[in-house]
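Residue-level structural notes
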Amino acid sequence: METKPPEDKSLATTIWSLILWLGLFLLAQVFAIGLSGAFLKSIFGLDAVSAGNIAILCGAIASYAVLFLVARRDARLFPAMQKEGGLGAAAKGLLVLTAVLLPFAVLGFRKLFLGLDLQPGPSPIALAQRFQGFDVFVFWGFFILSQSVFIIIAPVVEESFFRQWLWRRLEDYGLWLTISLSGAAFLLVHLRGPLGMLSLLPLTLLVSFARAKTGSPRLGMWLHGINNFIAFAGAGMVLRLFQ
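I will try to describe carefully the structure that is included in this document. All chains use their own residue numbering, which begins from 1 and follows the written sequence. Given that the model is predicted, a residue must reach a pLDDT of at least 70 before its local features are reported, and side-chain atom pairs must reach 80 or more before they are shown or counted; all residues, however, enter totals for whole chains, interfaces and linings. Hydrogens are left out, water is left out, and the side-chain values use all remaining heavy atoms of the structure.

**Side note on the pattern of salt bridges**
Formally: Salt bridges are defined as contacts in which a side-chain nitrogen from Lys or Arg sits within 4 Å of a carboxyl oxygen from Asp or Glu. The helix count covers DSSP runs of H or I at least four residues long, the strand count covers runs of E at least two residues long, and both are numbered beginning at the N terminus. Think of it in three bands: residues with accessible area under 20% of the maximum for their type are buried, residues over 50% are exposed, and the middle band is partly exposed, with areas taken using a 1.4 Å probe on protein chains only.
For the coordinates displayed, the defined rule picks out three salt bridges. Salt-bridge contacts for Asp-74 lead to Arg-168; the nearest nitrogen and oxygen are separated by 2.7 Å. Here Asp-74, found in helix 2 (residues 48-77), pairs with Arg-168, found in helix 5 (residues 136-170); they are 94 residues apart in sequence, far enough to count as distant. Arg-168 shares its class with Asp-74; the two are buried. A salt bridge links Arg-169 to Asp-74; the nearest nitrogen and oxygen atoms lie 3.0 Å apart. A residue pair is termed long-range when its members are at least 10 positions apart, and Arg-169 in helix 5 and Asp-74 in helix 2 qualify at 95 residues. Here Asp-74 falls in the buried class, since its relative accessible area comes to 5%. A network of salt bridges, in which partner residues are shared, links Asp-74, Arg-168 and Arg-169.

**Brief notes about the side chain of His-224**
As a reminder of what qualifies: By definition, residues are in contact when any of their heavy atoms lie within 4.5 Å.
Checked against the element boundaries, His-224 lands in helix 8 (residues 218-232). A relative accessible area of 2% means that His-224 is categorised as buried. Sequence-distant contacts of His-224, defined by excluding residues within four places in its chain, comprise Pro-155, Glu-158, Glu-159, Phe-186, Leu-203 and Val-207.

**Brief notes about the nonpolar core**
Test applied: To qualify as a nonpolar core, a set must consist of buried Ala, Val, Leu, Ile, Met, Phe, Trp, Tyr and Cys residues joined through side-chain atoms within 4.5 Å.
Ranked by size, the top nonpolar core spans 37 residues in total, and within it Leu-22, Phe-161, Phe-162 and Leu-223 carry the most contacts. At the level of secondary structure, the elements contributing two or more residues to this core comprise helix 1 (11-43), helix 2, helix 3 (89-114), helix 5, helix 6 (175-190), helix 7 (193-214) and helix 8. Among the elements that make up this core, the one with the highest residue count is helix 5 (nine residues).

**Things to note about a nonpolar patch on the surface**
Quick note on the threshold: Patch membership requires more than 30% relative accessible area and the absence of a salt bridge. Residues of like charge join within 9 Å; the nonpolar side chains Val, Leu, Ile, Met, Phe, Trp and Tyr join within 5 Å. All accessible areas in this document rest on Shrake-Rupley with a 1.4 Å probe, and a residue is counted as covered only by the protein chains that are shown.
On the surface, a cluster of nonpolar side chains totalling about 550 Å² of accessible area is made up of Leu-11, Ile-15, Trp-16, Ile-19, Tyr-173 and Leu-177. With four residues, the single largest contributor to the nonpolar patch is helix 1. Within the fold, Tyr-173 resides in the loop between helix 5 and helix 6.

**Examining helix 6**
The following threshold applies: Multiply 1.5 Å by the residue count of a helix minus one, and that product is the helix's expected span.
Compared with the 22 Å implied by 1.5 Å per residue over 16 residues, the 23 Å span of helix 6 between its first and last C-alpha is a close match. Taken residue by residue, helix 6 has Thr-178, Ile-179, Ser-182, Gly-183, Ala-185, Phe-186, Leu-187, Val-189 and His-190 as its buried positions. Where helix 6 terminates, the next one or two residues include Leu-191, which has phi positive at roughly 45°.

**Structural notes on the packing of helix 1 against helix 6**
Cut-off, in case you're wondering: The convention used is that axes are lines fitted to C-alpha atoms, helices contributing only their stretch in contact, and that angles between N-to-C directions extend from 0 to 180 degrees. Should an angle lie under 35 degrees it is considered roughly parallel, over 145 roughly antiparallel, and from 65 to 115 roughly perpendicular; all remaining angles are considered oblique. Crossings are assigned a handedness: left-handed for a near helix turned anticlockwise from the far helix by less than a right angle, right-handed for a clockwise turn. Residues are grouped as follows: nonpolar covers Ala, Val, Leu, Ile, Met, Phe, Trp, Tyr, Cys and Pro; charged covers Asp, Glu, Lys and Arg; every other residue, Gly included, is treated as polar.
Between helix 1 and helix 6, whose axes approach to 12 Å, the crossing angle comes to 15°. Classed by the angle they form, the pair helix 1 and helix 6 counts as roughly parallel. Along this stretch, helix 1 crosses helix 6, giving a crossing that reads as right-handed. The residues of helix 6 that touch helix 1, namely those facing Leu-11, Ile-15, Leu-18, Leu-22 and Phe-25, are Leu-181, Ala-185 and Val-189. Among the residues making up the contact of helix 1 with helix 6, the classes are represented as eight nonpolar, no polar and no charged.

Spelled out as structure tokens, the structure:
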């Protein structure tokens, strides 16, 4: 049986640890994108656009692998404890409904109040246009893998890291500080600019609420995955019908 190592949960140590792991996260992403992009263009002869799309996917997988290894070891040593008397079935159902509606609300807000065009998710049609001339198995393989990364892998890894590894180290300093710092780190990782980060704020608050009420990141994983599925399944394309 693996013994639990002594922990330094001071705020300074936690912040430095966070900077270290997020730095490795970004380095892994940049290195994987550069290496795989050059490999795909030189060995397989892909054009810059196709190679770039696949390279970005490789970068996402490599960077998530870093956070997964950190969160997995931490979860094994310090498993999350489900809170007694947490959320009931009705409350969980309401949170799931909120996760379904969030992408529509965010895209609608961007269009109505900011005048921005609705951006559909990476649909098969859009991807097919990028991969014209490629074998159908290559196209569908890339499509399924990319959807799996952003709908399954990203929610599991991000919630395990931000709402478990980081959350557990911050919760002694109060709920609001925990939500603020873990949420800020989560938004920073996505690097979508001020507007993109603002668009992710409702999801951040939703999964933070679920984590605080249940004592576990598991419900947040489901909510995050459902939100990503709706967003990438083309919430923008559905909203276009009402324009």
